[in-house]
Amino acid sequence: MNERVKTDMVAVAALEYDAELMLRVKEGDCASFDLLLEKYRLPVIHFLYRMVQNHGISEELAQEVFLRVYRSRATYEPTAKFTTWLFRIATHLALNWLRDGRHEKGQERLDDDVGTAASRDVADRTPSVEHSLVRQARLEEVRRAVQMLPEKQRAAVLMHKYEEMEYSQIAAVLGCSESAVKSLLFRAYETLRARLAHMA
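Remember, predicted model here, so these are calculated numbers, not experimental data.

Colleague: Looking at this structure, how should I read the confidence of the model for the protein chain?
Modeller: On average, residues of the protein chain carry a pLDDT of 82, and 78% of them reach 70 or more. Per-residue pLDDT stays below 50 along residues 105-124; that stretch engages in 26 contacts with residues further than four places along the chain or on separate chains.

Colleague: I would appreciate a short explanation of the packing of aromatic side chains in the present structure.
Modeller: Two descriptors summarise a pair of aromatic rings, namely the distance from one centre to the other and the angle between the planes of the rings. Inspection of every chain in the model, using the stated rule, returns 5 aromatic pairs. An angle of 65° between the planes, with centres 5.0 Å apart, marks the rings of F33 and Y70 as edge-to-face. Of this pair, F33 sits in helix α2 (residues 30-52) while Y70 sits in helix α3 (residues 55-71), and the two are 37 residues apart along the sequence. Judged by relative accessible area, which is 12%, F33 ranks as buried. For Y70, a relative accessible area of 28% corresponds to the partly exposed category. The cationic tip of R73 hangs over the ring face of Y70; the distance from NZ or CZ to the ring centre is 3.9 Å.

Colleague: I keep staring at the packing of α2 against helix α7 (residues 151-162) and nothing clicks. Help me out?
Modeller: Geometry of a packed helix pair, given as the angle between the helix axes and the separation of the axes. In the contact formed by α2 and α7, the axes pass within 10 Å of each other and the chain directions differ by 145°. Crossing handedness for the pair α2 and α7: right-handed. The residues of α7 that touch α2, namely those facing F47, R50 and M51, are E151, R154, A155, L158, M159 and Y162. Residue classes in the contact of α2 with α7 are distributed as 6 nonpolar, no polar and 3 charged.

Colleague: Just to check I follow, could you spell out the environment of E27 for this structure?
Modeller: Residue placement: E27 occurs in the loop between α1 (2-26) and α2. Using a relative accessible area of 70% as the deciding quantity, one classes E27 as exposed. Note: C-alpha distance between E27 and A74 (47 residues apart in sequence) is 8.0 Å.

Colleague: What is the right way to look at the pattern of salt bridges in this model?
Modeller: Charged atoms that come close allow side chains of opposite charge to pair. For the structure shown, the criterion picks out 9 salt bridges. Residue R24 is joined to E20 by a salt bridge in which the shortest nitrogen-to-oxygen separation is 3.6 Å. Of the two residues, R24 and E20 both sit in helix α1, 4 residues apart, roughly one turn of that helix. On the basis of relative accessibility, which here comes to 32%, the residue R24 falls in the partly exposed class. With a closest N to O distance of 3.6 Å, E151 and R99 form a salt bridge. Separated by 52 residues along the polypeptide, E151 in helix α7 and R99 in helix α4 (residues 82-99) bring together distant segments of the chain.

Colleague: Looking at this structure, how should I read unusual backbone geometry?
Modeller: For residues other than glycine, phi is negative in most cases, and the peptide bonds are mostly trans. Phi at Q53 takes a positive value of approximately 55°, unusual for a residue other than glycine. Mapped onto the fold, Q53 is located in the loop between α2 and α3. By relative accessible area, which is 4% here, Q53 ends up buried. Positive phi values are uncommon outside glycine, yet E164 reaches one of about 55°.

Colleague: Honestly, α7 in this entry has me stumped. Any pointers?
Modeller: Helical periodicity: at 3.6 residues per turn, an α-helix aligns residues three or four positions apart in one direction. Here α7 contains 12 residues, and its C-alpha end-to-end distance of 16 Å stays within 8% of the 16 Å for a straight helix at 1.5 Å per residue. All of the buried residues in α7 are Q153, R154, A155, A156, V157, L158 and M159. Positive backbone phi, approximately 55°, marks E164, located one or two places after α7.

Colleague: Could you clarify how one ought to interpret the nonpolar core in this entry?
Modeller: Grouped burial of nonpolar side chains is what soluble globular proteins tend to show. Residues V44, L48 and M51 are the most contacted members of the largest nonpolar core, which totals 52 residues. Of all the elements in the fold, those that place two or more residues in this core are α1, α2, α3, α4, α6 (129-147), α7, α8 (167-174) and α9 (178-195). Counting residues per element, this core draws most heavily on α4, at 11 residues. Apart from residues lying up to four places away in sequence, L48 is in contact with Q53, S58, L61, A62, V65, A90 and A94.

Colleague: Help me understand the environment of G175, please; the structure alone is not making it clear to me.
Modeller: With respect to the secondary-structure elements, G175 resides in the loop between α8 and α9. The spatial distance from the C-alpha of G175 to the C-alpha of R88 is 8.5 Å, given a sequence separation of 87 residues.

Reading the values: the criteria
Residues numbered from 1 in each chain as written. Predicted model: local features only at pLDDT ≥ 70, side-chain atom pairs only at ≥ 80, totals over all residues. Heavy atoms only, no water. pLDDT = per-residue confidence, 0-100. Contact = heavy atoms within 4.5 Å. Phe/Tyr/Trp six-rings, centres within 6.5 Å; stacked < 30°, edge-to-face > 60°. Helix = DSSP H or I, 4+ residues; strand = E, 2+ residues; numbered from the N terminus. Buried < 20%, exposed > 50% of the residue type's maximum accessible area, 1.4 Å probe, protein only. Lys NZ or Arg CZ within 6 Å of the ring centre and 35° of its normal. Axes fitted to C-alpha atoms, helices over the stretch in contact; angles between N-to-C directions. Left-handed = near helix turned anticlockwise from the far one by under 90°. Nonpolar A, V, L, I, M, F, W, Y, C, P; charged D, E, K, R; others polar. Salt bridge = Lys/Arg side-chain N within 4 Å of Asp/Glu carboxyl O. Expected span 1.5 Å × (residues − 1). Core = buried A, V, L, I, M, F, W, Y, C linked by side-chain atoms within 4.5 Å.

Set out below in structure tokens:
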């Protein structure tokens, strides 16, 4: 129990530190913005890539996210967790990009980076090439199933599973109630279970 309390205290301290950094940015401290950018740039890019399935677009959208964070510095108030605010901006931009239909032009195919991902994933101690290929194929199938979910369900699943955000944070990002988030996740996981039942 003590270990969990310590972990929670460390997490709270980190969240307060992020808000403190953003308040310093509000006061004109560019070095604090650089720290936030360094800490959250890759998580935001990864989240956006899982939403839009395009490396170039996810990097462009991430730049826009941090540009909006910087432009909003004067009005920033630490009323919610910094990460909640940050991912709300990222989700909004990703959903707008998907709704505008821009994703239909030049979208990377889901299997475009299979070769590079497989070569990165294969370690010297891998039992066999076949094992790696099967594992990669399963990951691609899961990725495809998540990609086929409706946009809000997909965003909720990505925040819940990959970003490990709490229901309250996801609700704040999506602008809905916690019960609506639970409902979105329930429907999404039911759909995924049905689509991926053959893998169980």
